[in-house]
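What follows is the residue order along each chain.
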Amino acid sequence: MHRKRLVTIGLMLVFLVMAGCIDRKSAADVESVEEDSLASDSVASDTIVDLVEVPQSKAIDELFDDFFFNFAGNRRMQMSRIAFPLPVEKNGTTANMQRRQWKYSHFFMGDGYYMMLLDNTAEDTLSKSYQLTQASVEKIYLTEDLMKEYDFKRSETGEWQLVKIAHKELSEHPCAEFLRFYERFARDTTFQMQSLNEFVVMTAPDADEESESGEVTGSIMPEQWPTFKPVLIPKGVIYCVNYGQHLDHENEKVVVIRGIANGLNIQMMFERKDDAWKLVKFQI
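Every chain's residues receive numbers from 1 upward, in the order its sequence appears when written. In view of the model being predicted, local features appear only for residues whose pLDDT reaches at least 70, and side-chain atom pairs are presented and counted only at 80 or more, with totals across whole chains, interfaces and linings using the full set of residues. Only heavy atoms go into the side-chain values, all of them from the structure, while hydrogens and water stay out.

Engineer: I'd love a proper account of unusual backbone geometry, names of residues and values included.
Structural biologist: Of the consecutive residues Phe84 and Pro85, the connecting peptide bond is found in the cis state with omega at -5°. One non-glycine residue, Leu247, lies in positive phi territory at about 55°. Put simply, DSSP marks the helices as runs of H or I at least four residues long and the strands as runs of E at least two long, and each gets a number from the N terminus on. Locating Leu247 in the fold gives a position in the loop between strand E9 (237–242) and strand E10 (252–259). Of the residues examined, Leu247 reaches a relative accessible area of 5% and is grouped as buried. When accessible area is computed with a 1.4 Å probe and restricted to protein chains, residues below 20% of their type maximum are described as buried, those above 50% as exposed, and intermediate ones as partly exposed.

See the structure below:
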């Protein structure tokens, strides 16, 4: 395999951390759907414990990631950072969720990772922007063609708050067509092999302690995929964080899988070729 040194593409995540009565009939319908926010936690609402102690510092609001990891990891903070009554949109109607109806959730913290969809790797810098004022966390049900969007905004005092939840069809997502491809790619190993470029560029950690970049790059052929593929390709229900990336490139997409305090950082680059998505590059 041909090898060459690369400049490090990304930084390792170092955060230490690990979703009554709603107005009228439409609100009750929303509440029944909101109950599934705890499904991925596999823990009853009243038995969930705090994952983190929130520091008394304004620094937790400087980056959205810092805020959200604390928001998802601490019950008291979560309740204090929701703009009640919280608008919940579903099926063309909006209901207001009251404080007593909210169920504390760890969101994706129990999984130990989250995902991002990008048009290119340069957009990854958005997560490190101190100027960000809006962001969203998308809970995507790949096999059901549904999604739930949690919208956050920075208040005038500089604090991040959850301001809205919207239930949507997957077709409303800017990457809907790609996500339908990804749904099959993630669960079907035969389809994975069929969706690989003739040669796939792979970047992996370099065992050579004298390496300047700490990485090595080469190419693999489809038949080598089972040996070298990423250890994790999430499927089923996934969480994607949107920091404002445009997602308007029709023929290129990057899937980022980022661990929480565990060093996991996987990137998979896809290109549409002859009306079919192909994996052309990945980093583990």
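This is not the end of the story, as more comes after the structure.
Engineer: Go over the confidence of the model for the protein chain, please, and point to the residues and values.
Structural biologist: Interpreting fine coordinate detail is not advised for predicted regions of low pLDDT. Here the protein chain averages 84 in pLDDT, and 78% of its residues register 70 or above. Confidence drops under a pLDDT of 50 for residues 1–47, and excluding neighbours within four residues, the segment shows 119 contacts in the predicted structure. Residue-level confidence of the predictor, termed pLDDT, takes values from 0 up to 100. Contact definition: two residues touch when any of their heavy atoms are within 4.5 Å.

Engineer: Can you break down the nonpolar core residue by residue, with the values?
Structural biologist: Only buried Ala, Val, Leu, Ile, Met, Phe, Trp, Tyr and Cys residues count toward a nonpolar core, and they belong to the same one when joined by side-chain atoms within 4.5 Å. Judged by nonpolar contacts, the single largest core of 36 residues is most densely connected at Phe64, Phe68, Trp102, Phe107, Phe108, Val137 and Phe152. Of all the elements, helix H2 (residues 64–73) adds the most residues to this core, at 6 residues. Apart from residues lying up to four places away in sequence, Val137 is in contact with Phe64, Phe68, Phe108, Lys148, Glu149, Tyr150, Phe152, Tyr239, Cys240 and Val241. With 33 residues, the next largest nonpolar core counts Leu170, Tyr182, Phe191 and Val200 among its residues.

Engineer: Please set out the environment of Val201 residue by residue, giving values where relevant.
Structural biologist: Take Val201: it is sitting in strand E7 (residues 196–205). By relative accessible area, which is 27% here, Val201 ends up partly exposed. Sequence separation between Val201 and Gln283 is 82 residues; the distance between their C-alpha atoms is 8.4 Å. For Val201, the contacting residues outside a window of four places in its chain are Thr217, Gly218, Ser219, Val280, Lys281 and Phe282.

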